[in-house]
Amino acid sequence: MKVSDYVLQRLRDWDVSHVFAYPGDGINGLLAAWGRAEDRPRFVQSRHEEMSAFEAVGYAKFSGRTGVCAATSGPGAIHLLNGLYDAKLDHVPVVAIVGQTDRSAMGGSYQQEVDLACLYKDVASEFCEVVTVPAQLPNVLDRAMRVAATRRTVTALIIPADVQELEYEPPAHAFKQVPSSLGAPSSLPVPAAEELARAAEVLNAGEKVAMLIGQGARRARTEVQQVAELLGAGVAKALLGKDALPDTLPYVTGSIGLLGTRPSYEMMRDCDTLLVVGSSFPYTQFLPEFDQARAVQIDLDPSMVGLRYPFEVNLVGDAGETLHRLIPMLDHRSDGAWRRKIEDDTARWWEVMQRRAEVSADPINPEYVVHALDALLPDDAIVAADSGSAANWYARHLRMRGDMRGSLSGTLATMGPGVPYAIGAKFAHPDRPAIAIVGDGAMQMNGLAELITAAKYHREWSDPRIVVAVLNNQDLNQVTWEMRAMQGAPQFEPSQGLPDLHYADIARQLGLHGVRVERPEDVESAWRQALAADRPFVIDFRTDPAVPPIPPHATWDQIKDAALSVLKGDSDRASVVRQGVKAKLQELLPGGGRG
């Protein structure tokens, strides 16, 4: 047995079923071993190593298991980095296995020789090791898998090409030999009783309690609901926790932050007590004023507590188990005025979203595109959104319910993971439909090539549905609006304009289905057609770049500045001004300012 054979065997021992990868001579030994192992674990070939990493992240996010990706030395290992940083910043367990030039050539400025240990020192800071002799295995691989899983982070193994070809020798019962064992601990840490009592005192003293939950609360859905009921609290969700609690609950105010909802913004503005569960939401300005609220935080990671707000009590522990022990200590809130206001504000917000989706645009309002999907989504759908204005509409118009899952690149906010996330989701759950909502910028950057990957593998999925919705406005829209709102600058066409591609035609050339939609009346039927298809489906929605992703705290002065920047640059773009004013009226005035 060669080292390469043993690496694959050990991955199987860890119950790794898929490795998202791209070939190259730096991992030729592993590729040959894959052939001898009859493709176990499954080698999933992307079009680019960055996509392999994104697919491993999507797989890990939607399966709850550790994602594994592999690439060759030099450029292949470099290409993985963006996806690996996405995993690291979103606290997702991913193991990267990369090749390296032969040991005899290292230090000789050899072809594709890159100091990978140095390169990976930051992204795999918790564990990164170069395998130089066979007896390092299985220890280094086991540690990479265990650290990734337990610390929810990225780890890396660098295996020189000549080491892959060596005969495997297990570590001996000898000095300076390190044996190993399989398995990762699954214990659930909980805070001490006195810390829980302090937290209960703070929460019981509050009259206007607001909760903020993130992805760390996903497995504590029942406990979060019980706490919200006891405290009469409203619950806002960080984007990575969008699927942690159903939006069908009347006190769930939806997303928070720049892409958030107005009821979330106002709840934080007016509360006197804050409970944060499983979230490291970074934007302090969307939390209460520092002298306004007493606050408690619960997080599994001790390095992530106390970062965003002057919390009075920081509890380190599993969200579900911590809340379970906290619940008996909480008093039931009898006066429901605060909760009733939150529920009324939230109900009105969804009416506002309906009205904003109905606003006419040229040719199609992108808010209507996503709003129309909301009612059509199957209860087991998995939704991936890309970065850009598409993330705004995903955050504000889609209501999670049932067993729906959803995610995006939360902390890195990189462009391009929408389609590969959905592909990774299909390998995690081949029996569930996946939907990717992407802008035309992200589609041109990464999504087009990964349609080839979807075409290659979709026949293996028991449910072949993967729907890619392209919001095609021929503009890098989010940055365009950020320039208008924050810089007072008109659209800079050389940087922002995009060529118009017929994405549905490209999909059909690959053997997939697709349709271009240029009229609002065709939006819903296109969604229905895609969700009923027998293969991956691309919908090319021609949307209006003038529809602004206005944040919930935007003022009339900010809208005025954005409008003036448009008019300074192009007097023919008065439609942008009208859309901005319309959107704000929809939000602020009774009846949406219909007159």
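Residues numbered from 1 in each chain as written. Predicted model: local features only at pLDDT ≥ 70, side-chain atom pairs only at ≥ 80, totals over all residues. Heavy atoms only, no water.

Student: Tell me about the overall build of the protein, and please be specific about residues and values.
Tutor: Across its full length, the protein carries 23 helices and 18 strands. Taking 2.2 N^0.38 as the reference for a compact globule, 595 residues should give roughly 25 Å; the C-alpha atoms of the protein span a radius of gyration of 25 Å, in line with that estimate. Each principal axis of the C-alpha atoms in the protein carries an extent, and together these give about 80 × 65 × 45 Å. In the protein, the share of contacts with a sequence separation of at least 24, taken over all contacts with a separation of at least 6, comes to 75%. By element, 51% of the accessible surface of the protein is carried by carbon and sulfur atoms, the whole surface being about 23000 Å². Across the protein, the centroid of the 59 positively charged side chains sits 2 Å from that of the 76 negatively charged ones. (Helix = DSSP H or I, 4+ residues; strand = E, 2+ residues; numbered from the N terminus. Rg over C-alpha atoms; globule rule 2.2 N^0.38 Å. Contact = heavy atoms within 4.5 Å. Areas by Shrake-Rupley, 256 points an atom, 1.4 Å probe, with all protein chains shown as cover. Lys, Arg positive; Asp, Glu negative; His and termini not counted. Charge placed at Lys NZ, Arg CZ, Asp CG, Glu CD.)

Student: Tell me about unusual backbone geometry, and please be specific about residues and values.
Tutor: That bond from L137 to P138 is cis: its omega, 5°, falls within 30 degrees of zero. A cis amide bond links D362 to the next residue, P363, at an omega of 0°. The topology assignment puts P363 in the loop between α13 (337-358) and α14 (366-374). One non-glycine residue, E38, lies in positive phi territory at about 55°. For E38, the position within the fold is in the loop between α2 (28-36) and β2 (42-45).

Student: Could you give me a rundown of the pairing of strand β16 (residues 466-472), with the residues and numbers involved?
Tutor: The buried fraction of β16 amounts to seven of the seven residues, a majority that puts the element mostly inside the structure. Side chains I466, V468, V470 and N472 of β16 all project onto a buried face; the interleaved residues V467, A469 and L471 project onto the opposite face, where all are buried too. (Buried < 20%, exposed > 50% of the residue type's maximum accessible area, 1.4 Å probe, protein only.)

Student: Requested: an account of the nonpolar core, with residues and values cited.
Tutor: Counting residues in hydrophobic clusters, the biggest one holds 51 residues, and the most contacted among them are L80, L84, V94, Y120 and M443. No other element matches the seven residues that helix α3 (residues 49-63) contributes to this core. Not counting residues within four places of it along the chain, the set of residues in contact with V94 comprises A56, V57, T66, G67, C69, L84, A87, A148, T153, V154 and T155. L376, L377, A381 and V467 belong to the second-largest nonpolar core, a separate cluster that totals 38 residues. (Core = buried A, V, L, I, M, F, W, Y, C linked by side-chain atoms within 4.5 Å.)

Student: Before we move on, can you summarise the sheet that holds strand β5 (residues 128-130) with the specific residues and values?
Tutor: Pairing in this open sheet of six strands is parallel, and the strands run β2-β1-β3-β4-β6-β5 from one edge to the other. On the outer flanks of this sheet lie β2 and β5, each paired with one strand and no other. Shown here is a sheet whose adjacent strand axes are inclined to one another by a mean of 20°, direction ignored. In this structure, strand β3 (residues 67-71) lies alongside strand β4 (residues 94-100), joined through five bridges in parallel fashion. Of the residues in β4, the one forming a bridge with C69 is A96. (Pairing = 2+ DSSP bridges. Axes fitted to C-alpha atoms, helices over the stretch in contact; angles between N-to-C directions.)

Student: Kindly report on the sheet that holds strand β9 (residues 252-255), identifying the contributing residues and their values.
Tutor: Spatial strand order, β9-β8-β7-β10-β11-β12: six strands in an open sheet with parallel pairing. Because the sheet does not close on itself, it has two edges, and the strands there are β9 and β12 (313-316). Direction aside, neighbouring strands of the sheet carry axes that sit 15° apart on average.

Student: So what's going on with the packing of aromatic side chains? Residues and values would help.
Tutor: All told, the structure shown has 13 aromatic pairs when counted by the stated rule. For the pair Y283 and F286, a centre-to-centre distance of 6.5 Å together with 85° between the ring planes defines the contact as edge-to-face. Overall, Y283 belongs to the partly exposed group, its relative accessible area being 38%. Here F286 falls in the buried class, since its relative accessible area comes to 2%. Every member of this aromatic cluster is reached through a ring pair, and the members are F20, Y59, F427, Y457 and W461. Stacked on the ring of Y394, the Lys or Arg K242 has its end atom at 5.3 Å from the ring centre. Taking NZ or CZ as reference, R399 lies 4.8 Å from the ring centre of W350, over its face. (Phe/Tyr/Trp six-rings, centres within 6.5 Å; stacked < 30°, edge-to-face > 60°. Lys NZ or Arg CZ within 6 Å of the ring centre and 35° of its normal.)

Student: Which residues make up the pattern of salt bridges, and what values do they have?
Tutor: The final tally for this structure, using the stated rule, is 35 salt bridges. For R65, the salt bridge identified is with D15, shortest N-O distance 3.3 Å. With R65 in the loop between α3 and β3 and D15 in the loop between α1 (3-13) and β1 (18-21), this residue pair connects regions lying 50 residues apart in the sequence. We note a salt bridge from D374 to R399, for which the minimum N-O separation is 2.7 Å. With D374 in helix α14 and R399 in the loop between α15 (389-397) and β14 (405-407), this residue pair connects regions lying 25 residues apart in the sequence. For D374, a relative accessible area of 3% corresponds to the buried category. Residue R399 is classed as partly exposed on the basis of its relative accessible area, which comes to 28%. In this structure, a network of salt bridges that share partners links the residues D374, D379, R399 and R401. (Salt bridge = Lys/Arg side-chain N within 4 Å of Asp/Glu carboxyl O.)

Student: Any chance you could break down helix α12 (residues 319-326) for me, citing the residues and the numbers?
Tutor: If you check which residues of α12 are buried, you get A319, G320, T322, L323 and L326. One side of α12 carries all its buried residues, which in axial view fall inside an arc of 165°. As for α12, its buried residues are in contact with α9 (193-205), α10 (221-231), β10 (273-277), β11 (294-299) and β12. The N-cap residue of α12 is D318: its side-chain oxygen and the backbone nitrogen of G320 are 3.2 Å apart. (Arc of directions from axis to C-beta. Polar contact = N/O pair within 3.5 Å; in protein donor to acceptor, adjacent residues only side chain to side chain.)

Student: Give me the packing of helix α11 (residues 262-270) against α13: which residues, what numbers.
Tutor: Interaxial distance between α11 and α13 falls to 9 Å at its minimum, and their mutual angle equals 155°. With respect to each other, α11 and α13 are oriented roughly antiparallel. Here α11 and α13 pass one another in a crossing that is right-handed. Facing R262, P263, E266, M267 and D270 of α11, the residues of α13 in contact are W338, K341, I342, D345, T346 and W349. When grouped by side-chain class, the residues that make up the contact of α11 with α13 number five nonpolar, one polar and five charged. (Parallel < 35°, antiparallel > 145°, perpendicular 65-115°, else oblique. Left-handed = near helix turned anticlockwise from the far one by under 90°. Nonpolar A, V, L, I, M, F, W, Y, C, P; charged D, E, K, R; others polar.)

Student: Just give me the short version of the pairing of β4, but keep the residues and values in it.
Tutor: Counting buried residues in β4 gives seven out of seven residues, a clear majority hidden from the surface. Direction of pairing for β4 relative to strand β6 (residues 154-160): parallel, over a ladder of seven bridges. Note on β6: the bridge partner recorded for G99 is I159.

Student: Describe helix α5 (residues 81-89), listing the residues and the values that go with them.
Tutor: Of the positions making up α5, those classed as buried are L81, G83, L84, D86, A87 and K88. Phi for H91, located one or two positions after α5, is positive at around 60°.

Student: For the environment of I506, give the residues involved together with the corresponding values.
Tutor: Counting through the fold element by element, I506 comes out in helix α20 (residues 503-509). Sequence separation between I506 and L451 is 55 residues, and the spatial gap between their C-alpha atoms is 9.0 Å.

Student: I'd like a rundown of the side chain of T155, residues and numbers included.
Tutor: Locating T155 in the fold gives a position in strand β6. The class of T155 is buried, set by a relative accessible area of 0%. Reaching out from T155, the side chain makes a polar contact with the backbone oxygen of A144 at a distance of 2.9 Å. Not counting chain neighbours up to four residues away, the residues in contact with T155 comprise V94, V95, A96, A124, F127, A144, V147 and A148.

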